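Read off the chains here:
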Amino acid sequence: MKISRFLIGVIITLMTLLSFSACTPDATETVQIIPTPRSGTTTVAGVLVSYDGVPYTDVIVRLAEVYRKDGAAAFALDAAFSPGGTTNENGEFVIPNIVPGEYVMIIGDPAVNYIIIDDPETGKARVWMAPLDGVLDVGVLQIDF
């Protein structure tokens, strides 16, 4: 009797494990959960890929705040306080709960190797407006990093 109870336990365990594995997402599927920002903030999300469509993994993505005065604009990246995140295995990144405003996106480590996302029409740094209480989805950014 002990052996048959043991075998029944093994069979039930295997069936349970198989049913859970059938519920997991396909490995080729991109699953990104963008959290709702806290009140008074915004969330920035996007995907970094090469021009061949290969995702960049474990790459730093930082936001440099844009400052405007008398028609002129400049941006500043504070290595200690500027918001940022890192891409996952699919090249996805999420930077939650940032102060709404204008930002320039800097990819990579500013002390070693980085690029600034530029506006293809002007060739200057691209400025994104992060909305109050919303999500700024910058989409898929193809870069040569």
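Conventions adopted
Residues numbered from 1 in each chain as written. Predicted model: local features only at pLDDT ≥ 70, side-chain atom pairs only at ≥ 80, totals over all residues. Heavy atoms only, no water. Core = buried A, V, L, I, M, F, W, Y, C linked by side-chain atoms within 4.5 Å. Buried < 20%, exposed > 50% of the residue type's maximum accessible area, 1.4 Å probe, protein only. Helix = DSSP H or I, 4+ residues; strand = E, 2+ residues; numbered from the N terminus. Contact = heavy atoms within 4.5 Å. pLDDT = per-residue confidence, 0-100. 1 Å grid on protein atoms, 1.4 Å probe; cavity = no way out; pocket = protein on both sides within 12 Å on 5 of 7 lines; lining within 4 Å. Points joined across faces, edges and corners; volume = space filled by probe spheres on them. Nonpolar A, V, L, I, M, F, W, Y, C, P; charged D, E, K, R; others polar. Salt bridge = Lys/Arg side-chain N within 4 Å of Asp/Glu carboxyl O.

Q: I'd love a proper account of the nonpolar core, names of residues and values included.
A: In this structure, Val44, Leu48, Phe93, Met105, Ile107 and Val138 are the most contacted members of the largest nonpolar core, which totals 19 residues. Those elements giving two or more residues to this core turn out to be strand 1 (42–49), strand 2 (60–69), strand 5 (92–98), strand 6 (101–109), strand 8 (127–130) and strand 9 (134–142). In contact with Val44, not counting residues within four places along its chain, are Leu63, Phe93, Val94, Ile95, Ile98, Met105, Leu136 and Val138.

Q: Pulling in residues and values, what's your account of the confidence of the model for the protein?
A: When pLDDT is averaged across the protein, the result is 82; 78% of the residues are at 70 or more. Here residues 6–31 is modelled with pLDDT under 50, and outside its nearest four sequence neighbours on either side it reaches four contacts, counting other chains as well.

Q: Talk me through the layout of surface pockets; I want residue IDs and the actual numbers.
A: Roughly 200 Å³ of volume is contained in the largest pocket. Along the walls of the largest pocket sit Tyr51, Ile115, Ile116, Ile117, Asp118, Pro120, Arg126, Leu141, Gln142, Ile143 and Asp144, which together make up its complete lining. Every element with two or more residues in the lining of the largest pocket is listed here: strand 7 (113–116) and strand 9. Looking at side-chain class alone, the lining of the largest pocket contains seven nonpolar, one polar and three charged residues. Estimated volume of the second largest pocket: approximately 160 Å³. What lines the second largest pocket is Val66, Arg68, Ala73, Ala74, Phe75, Val104, Lys124, Ala125 and Val127. Those elements that provide at least two residues to the lining of the second largest pocket are strand 2 and strand 3 (72–76).

Q: Just give me the short version of the side chain of Thr42, but keep the residues and values in it.
A: Among the secondary structure elements, Thr42 is positioned in strand 1. Taking relative accessible area as the criterion, Thr42 reaches 0% and is therefore assigned buried. When residues no more than four places from it in sequence are discounted, the contact partners of Thr42 are Pro37, Ile95, Pro96, Asn97, Ile98, Val99, Pro100, Ala130, Pro131, Gly134, Val135 and Leu136.

Q: Before we move on, can you summarise the pattern of salt bridges with the specific residues and values?
A: Applying the stated criterion across every chain yields a total of one salt bridge. With a shortest N-O distance of 2.7 Å, Arg68 and Glu102 are connected by a salt bridge. Residue Arg68 is found in strand 2, and its partner Glu102 is found in strand 6; the two are separated by 34 residues along the sequence.

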